Amino acid sequence: MKVEKLEKSRAKITFEVSPEEFEHGLDHAFEHVVKDVTVKGFRKGKVPRNVYETNYGVESLYDEALNHVFGHKFDEALKLETIEIVSNPKVVDLEIEKIERGKPFTFAFEVALRPEVILGEYKGLEVKKENTKVTQKEVDEELNNLLKSDSSVTPKDEKLPLENGDLAIFDFEGFKDNVPFEGGKAENYELEIGSNQFIPGFEEQMVGMKVGEERDLNVTFPKNYHSEDLKGASVVFKVKLHELKVKSLPTLSDEWVISLKREGIETLDALKEDIKAKKVAEKKKSESNRVADTLVELAAKNATVEVPLEMIEREKEQMTNNVTQQASQYGMELDMFLQLTGSNRETFDKQIEEAAGKRVLETLVLEEIAKVENFQFEDVQFEEKYEEIAKNYNMDIKEVKQYLPKDVIKHELDFNKAIELLKETAKRV
């Protein structure tokens, strides 16, 4: 076996196949195909080897025999300690027409390798200081959201016109060039006017309508709209208003706070303090994540790595599968799910490719940092991690250990420790 390293984290591995190895492959191939072979005078699957070769030729076994040989040789390559293969092999330098039974021959695999990572600066990186200050405005906004969530809805006087903040129940149908378009029709649709859920101009033109009134709304779809047919298109929505409702907010008081039934919180001041404390905790977590993401990105930018395309493609496939499974939980195909989330397949594929490349690069860099730093962990840390996973997935810890061997947990601990190191040594500016 000869290993020749190529550019861009690739290698060419050349093998010599002995006559005995190829004969073993031919034996395997015959055992595989003979089950379905019928020759006059013999039962199906019971044709002798010499009779088969007389009728079909030994060459008919070559493809299956070669695949068997390739499998064995790739297993040998995977055991090499000098390289780490991260892709399926591509067969090269194989001249099938020159292969003869009883004679040796050569072929080669081209494979992607786990790339060499040359770390740049990763300690003492500069990052913006965390800002966990919570303003009174933020507390008031959260308090107002609580009031809204506890509001009651009552019918509005039919003589009064529609205003921002009203809940409108109406029918609508959209027309492009006087032709109804798909997805542009609904009946008894409920919408809070002023919530900006519809395209610009729709809700604004409904203001002033009265119950029973019909109105044509002239609007233009955004140029980045997900539907190709409607991007930047001028359309008309025919609207009929059936009913108006108004939200009544509860009075901001200690009595209202008590009605929320929050443990230990019975006054408005106590509720405000609780909101502030939770907001601070949320900001600390968010800022901690931002700092970690920034530092990992900087460490990756400072490193030199030739990431093979196969690693990125594999990550893309995994990420796409995750979103596809998420869509299937809602009973939808991926394309429909993307449309409903304001995206499309072209945009999604581009975003996934960028995210996959970034994730692979950053993972390689963090793994290299862990290798260089040679992190060591106590048994108790492994146990704590197993307990955490068991709790998160509501599983028995013995079952978790069965599915996740210690080396998998070590990788997770290394990964987290590397991020901690970046944060501990960072300079806040």
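Chemist: Report on the packing of aromatic side chains, specifying residues and quantitative values.
Modeler: Counted under the stated rule, the structure contains 27 aromatic pairs. Aromatic pair Phe 170 and Phe 172: ring centres 5.8 Å apart, planes at 40°, arrangement tilted. Between Tyr 330 and Phe 337 the ring centres are 6.1 Å apart and the planes differ by 20°, which places this aromatic pair in the stacked class. Taking the relative accessible area as the measure of exposure, Tyr 330 reaches 58% and is therefore exposed. One aromatic cluster is present, formed by Phe 170, Phe 172, Phe 181, Tyr 189, Phe 198, Phe 202, Phe 221, Tyr 225 and Phe 237 through successive ring pairs. Between the NZ or CZ atom of Lys 238 and the centre of the ring of Phe 175, over which it lies, the distance is 6.0 Å. Above the face of the Tyr 386 ring, Lys 401 is positioned so that its terminal group lies 5.5 Å from the ring centre.

Chemist: Could you give me a rundown of unusual backbone geometry, with the residues and numbers involved?
Modeler: Despite not being glycine, Lys 8 has its phi angle at roughly 55°, a positive value. On the secondary structure map, Lys 8 appears in the loop between strand E1 (2–6) and strand E2 (10–17). Here the phi dihedral of Asp 177 falls at roughly 55°; this positive angle occurs in a residue that is not glycine. The exposed category is assigned to Asp 177, whose relative accessible area is 65%.

Chemist: With reference to specific residues and values, describe the pattern of salt bridges.
Modeler: Per the counting criterion, the structure on display carries 37 salt bridges. Its salt-bridge partner being Glu 138, residue Lys 283 comes within 3.0 Å of it at the nearest N-O pair. Of this pair, Lys 283 sits in helix H7 (residues 268–302) while Glu 138 is found in helix H4 (residues 136–149), placing the two residues 145 residues apart along the sequence. Its salt-bridge partner being Asp 274, residue Lys 278 comes within 3.4 Å of it at the nearest N-O pair. Of this pair, Lys 278 and Asp 274 both sit in helix H7, four residues apart, which is roughly one turn of the helix. Residue classification places Asp 274 among the buried residues on the basis of a relative accessible area of 18%. What you see here is one network of salt bridges that share partners, running through Glu 23, Asp 27, Arg 49, Glu 53 and Arg 101.

Chemist: Residue-level account of the nonpolar core, with values.
Modeler: Among the nonpolar cores identified, the biggest contains 35 residues, and Leu 295, Val 365, Ile 369 and Leu 422 are the most heavily contacted of them. Contributions of two or more residues to this core are made by H7, helix H10 (345–373), helix H11 (379–392) and helix H13 (406–425). With 31 residues, the next largest nonpolar core counts Ala 29, Phe 30, Leu 61 and Ala 65 among its residues.

Chemist: How would you summarise a negative patch on the surface if you had to cite specific residues and measurements?
Modeler: Taken together, the side chains of Asp 254, Glu 255, Asp 269 and Glu 273 define an acidic patch exposed on the protein surface. Elements that contribute at least two residues to the negative patch include exactly helix H6 (254–259) and H7. Tracing the chain through its elements places Asp 269 in helix H7. Given the relative accessible area of 56%, Asp 269 is considered exposed.

Criteria and thresholds
- Residues numbered from 1 in each chain as written.
- Predicted model: local features only at pLDDT ≥ 70, side-chain atom pairs only at ≥ 80, totals over all residues.
- Heavy atoms only, no water.
- Phe/Tyr/Trp six-rings, centres within 6.5 Å; stacked < 30°, edge-to-face > 60°.
- Buried < 20%, exposed > 50% of the residue type's maximum accessible area, 1.4 Å probe, protein only.
- Lys NZ or Arg CZ within 6 Å of the ring centre and 35° of its normal.
- Helix = DSSP H or I, 4+ residues; strand = E, 2+ residues; numbered from the N terminus.
- Salt bridge = Lys/Arg side-chain N within 4 Å of Asp/Glu carboxyl O.
- Core = buried A, V, L, I, M, F, W, Y, C linked by side-chain atoms within 4.5 Å.
- Patch = residues over 30% accessible without salt bridge, like charges linked within 9 Å, V, L, I, M, F, W, Y side chains within 5 Å.
- Areas by Shrake-Rupley, 256 points an atom, 1.4 Å probe, with all protein chains shown as cover.
- Lys, Arg positive; Asp, Glu negative; His and termini not counted.
- Charge placed at Lys NZ, Arg CZ, Asp CG, Glu CD.

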